[in-house]
Number of protein chains: 12
Amino acid sequence: MKSVLILNGPNLNMLGTRQPEIYGSTTMEDIHAACAAKAKALNIALAFEQSNHEGRMIDLLHAARTEHHGVILNAGAYTHTSIALHDAIIAMERPCIELHLSNVHAREEFRHRSMIAPVVVGVIAGFGANGYQLALDAISPLL
Amino acid sequence: MKSVLILNGPNLNMLGTRQPEIYGSTTMEDIHAACAAKAKALNIALAFEQSNHEGRMIDLLHAARTEHHGVILNAGAYTHTSIALHDAIIAMERPCIELHLSNVHAREEFRHRSMIAPVVVGVIAGFGANGYQLALDAISPLL
Amino acid sequence: MKSVLILNGPNLNMLGTRQPEIYGSTTMEDIHAACAAKAKALNIALAFEQSNHEGRMIDLLHAARTEHHGVILNAGAYTHTSIALHDAIIAMERPCIELHLSNVHAREEFRHRSMIAPVVVGVIAGFGANGYQLALDAISPLL
Amino acid sequence: MKSVLILNGPNLNMLGTRQPEIYGSTTMEDIHAACAAKAKALNIALAFEQSNHEGRMIDLLHAARTEHHGVILNAGAYTHTSIALHDAIIAMERPCIELHLSNVHAREEFRHRSMIAPVVVGVIAGFGANGYQLALDAISPLL
Amino acid sequence: MKSVLILNGPNLNMLGTRQPEIYGSTTMEDIHAACAAKAKALNIALAFEQSNHEGRMIDLLHAARTEHHGVILNAGAYTHTSIALHDAIIAMERPCIELHLSNVHAREEFRHRSMIAPVVVGVIAGFGANGYQLALDAISPLL
Amino acid sequence: MKSVLILNGPNLNMLGTRQPEIYGSTTMEDIHAACAAKAKALNIALAFEQSNHEGRMIDLLHAARTEHHGVILNAGAYTHTSIALHDAIIAMERPCIELHLSNVHAREEFRHRSMIAPVVVGVIAGFGANGYQLALDAISPLL
Amino acid sequence: MKSVLILNGPNLNMLGTRQPEIYGSTTMEDIHAACAAKAKALNIALAFEQSNHEGRMIDLLHAARTEHHGVILNAGAYTHTSIALHDAIIAMERPCIELHLSNVHAREEFRHRSMIAPVVVGVIAGFGANGYQLALDAISPLL
Amino acid sequence: MKSVLILNGPNLNMLGTRQPEIYGSTTMEDIHAACAAKAKALNIALAFEQSNHEGRMIDLLHAARTEHHGVILNAGAYTHTSIALHDAIIAMERPCIELHLSNVHAREEFRHRSMIAPVVVGVIAGFGANGYQLALDAISPLL
Amino acid sequence: MKSVLILNGPNLNMLGTRQPEIYGSTTMEDIHAACAAKAKALNIALAFEQSNHEGRMIDLLHAARTEHHGVILNAGAYTHTSIALHDAIIAMERPCIELHLSNVHAREEFRHRSMIAPVVVGVIAGFGANGYQLALDAISPLL
Amino acid sequence: MKSVLILNGPNLNMLGTRQPEIYGSTTMEDIHAACAAKAKALNIALAFEQSNHEGRMIDLLHAARTEHHGVILNAGAYTHTSIALHDAIIAMERPCIELHLSNVHAREEFRHRSMIAPVVVGVIAGFGANGYQLALDAISPLL
Amino acid sequence: MKSVLILNGPNLNMLGTRQPEIYGSTTMEDIHAACAAKAKALNIALAFEQSNHEGRMIDLLHAARTEHHGVILNAGAYTHTSIALHDAIIAMERPCIELHLSNVHAREEFRHRSMIAPVVVGVIAGFGANGYQLALDAISPLL
Amino acid sequence: MKSVLILNGPNLNMLGTRQPEIYGSTTMEDIHAACAAKAKALNIALAFEQSNHEGRMIDLLHAARTEHHGVILNAGAYTHTSIALHDAIIAMERPCIELHLSNVHAREEFRHRSMIAPVVVGVIAGFGANGYQLALDAISPLL
């Protein structure tokens with residue numbers, strides 16, 4: 001059985017609480033539950049993490065090298081600034097998918113650059129919570 | 001029954017013929033067939049087009065306004081240069097997904113900018129032919 | 001009797017249909033009719049064309065060299081990217097006016113640069129359908 | 001009866017005197033006279049001012065808020081550098097047209113940027129003295 | 001008794017009149033009155049000026065060298081373009097505070113650069129009319 | 001009774017110890033004490049934190065959403081690089097003031113850009129330890 | 001016997017007609033004739049095409065993959081903007097020479113960048129009609 | 001007898017008063033006197049002006065067209081920002097020398113660009129008050 | 001006896017494990033051992049730390065102010081983005097050497113800029129594990 | 001009989017010796033011999049020089065003014081940096097062809113800019129040693 | 001008696017020969033003679049050198065440290081590219097004047113930047129051969 | 001026995017003479033002597049050269065291909081501008097170390113870019129004369 005880590009970065013813990021009139025009442029926990037169901041259907045073991053700490057995210061990616069077969073990474077704002085995550089993904093040597101809830105390319109200029117895109121397999125952005133389901137479908141044949 | 005247009009831009013007709021040692025022997029026709037099967041499973045009517053002509057692509061997007069409920073657009077190289085396609089997507093007033101076979105963000109600098117990303121729902125890039133399947137899954141709930 | 005070509009570029013065929021709450025119900029046909037009336041009053045023969053194809057627009061500009069005495073060009077999105085239209089205007093050797101329905105300078109950064117402005121007589125932008133009337137008045141003494 | 005202010009900026013007082021072999025012998029006074037005739041035909045009250053002082057131009061735009069229904073502004077070189085004029089136009093809350101005698105987009109790079117274009121209705125450039133007539137026609141339906 | 005000049009730049013005379021639904025009905029006169037009261041409480045003599053003329057502002061800063069012990073400068077739009085004010089502040093040799101009603105860093109890109117910030121003691125921006133009170137508190141220990 | 005969090009970022013714990021001939025002997029503790037006195041006078045409950053960890057600062061801002069009515073944020077060097085803090089401030093949905101001891105705009109080019117300024121109420125910079133007093137005065141009417 | 005396609009892009013059909021005092025009376029037909037003679041001498045089969053349509057040029061390059069052994073490409077203005085031609089040349093998998101009548105590097109800044117240069121064998125520019133002869137000589141040993 | 005205008009721009013009136021430990025005690029009056037003597041020796045009539053107002057400087061340059069045979073212009077900080085002065089120098093149609101007391105090229109980046117240099121005969125910078133003597137020597141043969 | 005801290009940043013813990021065919025089987029532990037031997041020979045007390053957390057690295061640099069006489073800093077990817085480390089090095093007031101295993105200047109553009117280089121004594125890059133030996137030799141006379 | 005100088009710049013003396021598995025065993029001497037034969041066939045007198053010294057190259061270009069009727073210049077790396085060679089070519093007043101062995105436009109960014117291209121007749125790049133033959137053919141009708 | 005070196009850089013040896021209809025028939029020898037006369041009148045010993053070799057110019061500046069009291073440097077095209085000359089001027093520790101025959105600021109963009117201006121006393125540009133006379137006058141009081 | 005060339009570039013001959021209060025009295029000769037001693041200890045034959053001529057430096061690097069096993073290159077100011085040295089190092093095919101006396105990354109912006117760094121093994125900068133000792137230690141295992 002293959003294992004996948006879904007790693008969420010800064011501010012994603014606020015989902016559902018923050019601006020519910022915009023983002024709706026879907027929380028990280030809801031997404032976790034939906035991913036667990038999907039993973040089960042795909043026969044994938046799932047780990048689901050969130051951290052606001054860049055260093056913690058790097059630690060988790062390093063651990064994923066031996067503990068998981070692939071990673072779905074929603075690095076949040078660190079996507080646009082972190083060369084350290086870029087290097088951690090290379091060091092991990094596991095297929096990695098870059099995921100964003102929103103269409104980052106349609107937002108501020110500083111969200112158009114991704115420091116991690118050059119070292120991931122592919123990018124999925126703009127489909128909200130459904131993006132996690134798509135990412136699991138996308139990573140499944142890559143494990 | 002909802003209808004989706006999959007519109008492929010310049011050079012995508014060469015798929016399968018071009019550098020098979022790299023891209024494999026999957027052709028546009030193979031992708032068309034796989035998409036047709038997937039669309040059937042999703043109960044979606046499918047139109048599948050390819051053109052090397054920017055003007056023709058604009059014509060097709062305009063027609064999609066009344067003929068389809070959503071568009072999956074692999075605009076190829078025009079992604080990075082065409083403001084006209086940007087405007088055509090707005091004029092179409094239908095949900096549109098930007099699709100790329102390769103991870104464009106990991107390639108040359110001039111492929112990092114997308115002129116159409118600001119007006120699409122979301123972006124899927126880097127998953128090869130499988131990206132078309134993911135895009136159909138992604139657009140289904142948006143129709 | 002002098003002859004003028006009014007040449008409209010990509011997406012302008014969608015006028016009136018697209019976002020009527022914003023752009024109103026004035027269509028390209030309405031503008032054509034109003035221009036025909038104005039041209040008659042100015043004793044000018046009028047040709048009125050629209051194309052979404054950059055190549056077709058170049059062909060029409062080349063033909064205008066022998067068929068018309070001046071051109072009013074609303075090149076739409078190609079305004080900002082087409083060096084080929086820039087060169088076609090030079091090759092045409094006829095006075096040419098750059099026209100825009102909207103005030104392009106008040107919109108996105110990528111609409112601020114005009115590749116054709118350096119080779120036209122002048123620019124009229126921001127006056128909606130009335131801009132066509134102003135352009136006919138402007139070109140009349142230049143024929 | 002509606003009232004329009006035509007406000008001319010730096011160096012425009014030199015028209016007719018300066019390089020007559022290039023600009024012809026048309027002076028600001030000639031343009032004033034032609035505008036007065038045109039305004040009369042359009043049943044518009046006309047004020048016509050020129051100043052080389054940015055501060056004076058701001059003062060006049062502020063006064064126009066209560067004294068005029070619209071402004072035609074040939075801001076000359078201040079067009080390209082003055083954020084203060086940009087703000088004054090907003091504060092004025094009257095329709096404003098940006099006017100240039102020459103086709104500024106065909107000249108030096110530093111004349112391609114307009115600081116006031118984002119806050120005017122539209123732009124007319126390149127038609128020499130005739131531009132004033134076109135601007136009066138353009139502003140008439142906006143008063 | 002120490003003396004402070006509060007110098008306001010272009011368009012600030014329009015406060016209260018302009019877009020009252022946004023800026024409220026507080027006028028420059030209201031601010032002057034509130035500052036006078038605050039200055040009295042701080043035992044500071046107050047001069048309060050406004051000008052739309054860059055040259056006049058320079059003249060006033062020069063005069064402040066001998067007439068005042070400190071300056072609170074809301075240079076408005078000239079903040080972003082005027083090297084001459086930068087030099088005048090140096091020549092004045094008095095502590096100077098840069099003040100803005102709005103949070104200029106949250107507005108257009110061209111308002112992010114301040115030509116005078118390198119030669120002032122500090123910056124206060126975004127607190128509306130209350131910013132003048134804060135600035136008086138801030139300059140008091142510097143006189 | 002309203003509550004305010006004063007959150008200090010990287011290296012601010014070194015205040016007083018570091019280069020005392022320049023920064024004086026005022027320590028973070030001294031500033032804390034002065035702020036506590038000021039807050040008491042303003043009838044505000046005060047929390048005072050410092051961390052060198054970006055992730056910890058994000059955690060604290062998230063907590064402030066329910067624990068405080070406003071935040072004074074001296075984000076130190078993270079001001080210029082952290083999109084994650086930018087997003088955390090939005091998620092917090094509490095008025096936030098950006099504070100700097102030094103006049104960052106008068107220092108190195110890389111300190112001129114603030115990633116958080118677009119989402120704060122206002123900015124106070126350059127007044128040393130006194131800036132904390134000014135910030136408390138500034139935030140008081142916003143709670 | 002080897003076959004070469006000479007493909008000419010936008011506005012090159014105007015040669016000889018356009019500004020004859022500058023470009024002389026040499027037409028595309030003249031160049032075609034001279035190339036035919038040269039090709040015969042080199043024992044090369046020659047195809048000679050011109051189009052103002054980017055899409056048509058892509059179609060022709062695709063066809064060249066099986067119909068020709070090499071291509072001489074004067075892409076005109078599309079040289080500087082077309083990533084689609086860049087990709088078409090790669091897909092063609094035939095040696096390609098970039099040709100220009102004029103010395104593009106001595107003209108406007110926007111003609112200094114070539115989007116196709118990275119994927120061609122070499123570049124010949126500035127020798128007028130004679131450049132076609134040189135290009136045939138250059139491609140001959142590469143077939 | 002030929003006539004020369006020496007026109008000094010913003011902040012130059014502060015010479016001698018401002019930072020005497022750096023700039024010395026030489027005042028504008030001293031420079032005026034030294035220039036008067038030098039002009040007499042060169043048999044040149046001299047006018048000597050200073051203004052902090054850009055508009056006033058433009059007015060004086062316009063007047064110089066008929067009143068003087070040449071101009072020595074120390075435009076101070078306006079050198080780096082004023083397109084209006086650039087245009088006024090062209091309109092004046094008299095030889096003009098750009099003069100600076102300090103070596104502006106050795107100072108801040110924003111003093112390296114001169115908006116007026118493209119329309120003056122030559123530039124003298126960095127020689128302090130002596131620069132005025134050199135400029136009179138330089139302009140003498142150009143009158 | 002002098003004491004030196006060798007501080008390693010993000011991803012350096014993966015050395016030896018990661019891509020051994022490229023980086024060899026030398027681990028951080030091996031480097032630690034070699035440094036310990038070298039330090040002993042130089043009569044220097046050695047502390048050897050690694051962290052993926054920027055905040056932890058700042059804490060350690062602060063502590064080094066009182067605990068060590070010099071620091072060898074391989075800040076990894078944070079080298080290129082961290083202004084906070086820049087400030088921490090200044091606050092530390094101890095000689096600091098910037099060290100890189102690889103020749104960062106020969107790699108991606110984003111690794112060419114060092115935010116810490118302006119505040120270190122010197123830089124050693126490109127010599128692999130041997131760089132640590134060189135850095136100890138380099139820091140020895142600076143303690 | 002016409003005379004042509006072929007002038008080769010820095011590092012070209014290493015041809016054949018350097019990386020023979022890539023560049024082959026063709027040396028500068030081989031190219032010289034082939035050029036001599038070609039020149040003889042074209043009835044052109046040939047001078048063939050190589051220098052690693054920019055100053056020496058300038059000297060040779062100056063001498064070419066009176067000693068030769070045209071120059072073929074492979075300026076090597078100086079192509080991209082030398083304004084002095086640019087000026088020397090103008091001063092020479094002889095037709096000059098810019099030649100490169102490799103397709104410089106397909107290499108590093110810093111090889112895309114040519115300082116000499118604006119003052120040469122044309123450019124030939126990417127054809128290896130054969131480029132010298134093409135250049136002799138190209139210059140022959142220009143002598 | 002003080003000694004001055006006038007050092008002329010690349011291409012200045014061609015003066016008088018090159019484009020005499022533009023530059024006139026004044027040669028370097030003529031300028032040398034005029035300078036010799038002027039130097040004699042100023043009681044200055046004069047050395048006059050020209051070289052097309054950057055290295056030779058550096059050698060001469062080094063020698064000037066002990067052999068001369070000041071240098072007038074017309075570095076020609078090296079002005080805009082040579083950091084080595086910048087460093088040589090600092091090492092020389094003698095007052096140095098930057099001189100140009102033409103008004104470099106009115107020419108191509110790449111002539112606007114001077115690498116040596118930050119380390120010279122002042123700049124004289126645009127006065128042709130007369131500039132040498134002015135430079136001798138300028139350097140005289142600095143020796 | 002292995003042989004190493006230490007090659008010093010422009011202005012390094014002035015060491016010890018120039019600004020002794022800053023650089024100390026260590027001369028190139030002193031450094032040569034210390035390097036000779038170190039080389040002897042390492043059993044390396046040493047050649048030590050200095051030149052202000054870029055061309056001479058290229059010649060020496062070419063010669064090093066057959067005469068030496070490695071090169072330590074302090075290219076001085078040419079480091080930042082010379083593509084020719086970049087190419088010469090490649091052509092040399094010997095390990096090369098880039099050396100700087102000062103920490104160039106802490107100095108002017110134009111010293112931050114190294115044209116040779118991409119083709120050297122590693123970089124040592126900022127350790128003064130001691131850097132030569134470190135470089136000999138660094139190159140020893142690479143010979």
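Look up a bit, the structure's there.
Residues numbered from 1 in each chain as written. Chains lettered and ligands numbered in written order. Predicted model: local features only at pLDDT ≥ 70, side-chain atom pairs only at ≥ 80, totals over all residues. Heavy atoms only, no water.

**Q** I'd like a rundown of the packing of aromatic side chains, residues and numbers included.
**A** Each pair of aromatic rings is reported with the distance of its centres and the angle of its planes. Residue and element names in this part refer to chain A. Taken as a whole and assessed by the stated rule, the structure comprises six aromatic pairs over all chains. With a centroid separation of 6.5 Å and an interplanar angle of 40°, the aromatic rings of Phe 48 and Tyr 132 are classed as tilted. Within this pair, whereas Phe 48 is found in strand E2 (residues 44-50), its partner Tyr 132 is found in helix H5 (residues 130-139), the two being separated by 84 residues in sequence. Taken as a pair, Phe 48 and Tyr 132 share a single burial class, namely buried. (Phe/Tyr/Trp six-rings, centres within 6.5 Å; stacked < 30°, edge-to-face > 60°. Helix = DSSP H or I, 4+ residues; strand = E, 2+ residues; numbered from the N terminus. Buried < 20%, exposed > 50% of the residue type's maximum accessible area, 1.4 Å probe, protein only.)

**Q** I'd love a proper account of the interface of chain J and chain L, names of residues and values included.
**A** Chain J puts 17 residues into the contact, and the matching count from chain L is 17 residues. Summing both sides of the interface, chain J and chain L together bury roughly 1400 Å²; the carbon and sulfur share of this comes to 57%. The interface formed by chain J and chain L includes one salt bridge. Here Asp 87 of chain L ties to Arg 111 of chain J by a salt bridge, and the two come within 2.8 Å at their closest N and O atoms. (Contact = heavy atoms within 4.5 Å. Buried area = accessible area lost by both parts, 1.4 Å probe. Salt bridge = Lys/Arg side-chain N within 4 Å of Asp/Glu carboxyl O.)

**Q** Could you give me a rundown of the state of the cysteines, with the residues and numbers involved?
**A** Covalent bonding between the sulfur atoms of two cysteines is what defines a disulfide. Throughout the structure, instances matching the rule amount to zero disulfides over all chains. Distance from the sulfur of Cys 96 of chain A, which forms no disulfide, to the nearest cysteine sulfur (Cys 35 of chain A) is 15 Å. (Disulfide = S-S within 2.5 Å.)

**Q** Please set out the pairing of strand E4 (residues 96-100) of chain D residue by residue, giving values where relevant.
**A** Residues and elements named next belong to chain D. Of all five residues in E4, five are buried, a share of seventy percent or more. The pairing of strand E3 (residues 70-74) with E4 spans three bridges and is classified as parallel. The residue of E4 that forms the bridge with Val 71 is Cys 96. Each parallel crossover has a hand, and for E3 linked through helix H4 (residues 83-92) to E4 it is right-handed. Alignment of E4 against strand E5 (residues 122-125), held across four bridges, turns out to be parallel. (Pairing = 2+ DSSP bridges. Right-handed = clockwise from strand over helix to strand, strands pointing away.)

**Q** Could you give an account of the interface of chain B and chain A, with specific residues and numbers?
**A** Taken together, the 19 residues of chain B in the interface contact 19 residues of chain A. Among the residues of chain B in contact with chain A, His 105, Val 123 and Phe 127 of chain B are the three that bury the most area, contributing 33% of the side total. Along the contact surface separating chain B from chain A lie zero salt bridges. The interface formed by chain B and chain A holds six residue pairs in polar contact (both at pLDDT 80 or more) in total. Those elements giving two or more residues to the side of chain B that touches chain A turn out to be strand E5 (122-125) and helix H5 (130-139) of chain B. Each residue belonging to the side of chain B that touches chain A can be placed in one class, and the counts come to 13 nonpolar, five polar and one charged. As paired elements, strand E5 (residues 122-125) of chain A and E5 of chain B share three bridges and run antiparallel to each other. Following the sheet pairing, Val 123 of chain A is matched in E5 of chain B by Ala 125 of chain B. (Polar contact = N/O pair within 3.5 Å; in protein donor to acceptor, adjacent residues only side chain to side chain. Nonpolar A, V, L, I, M, F, W, Y, C, P; charged D, E, K, R; others polar.)

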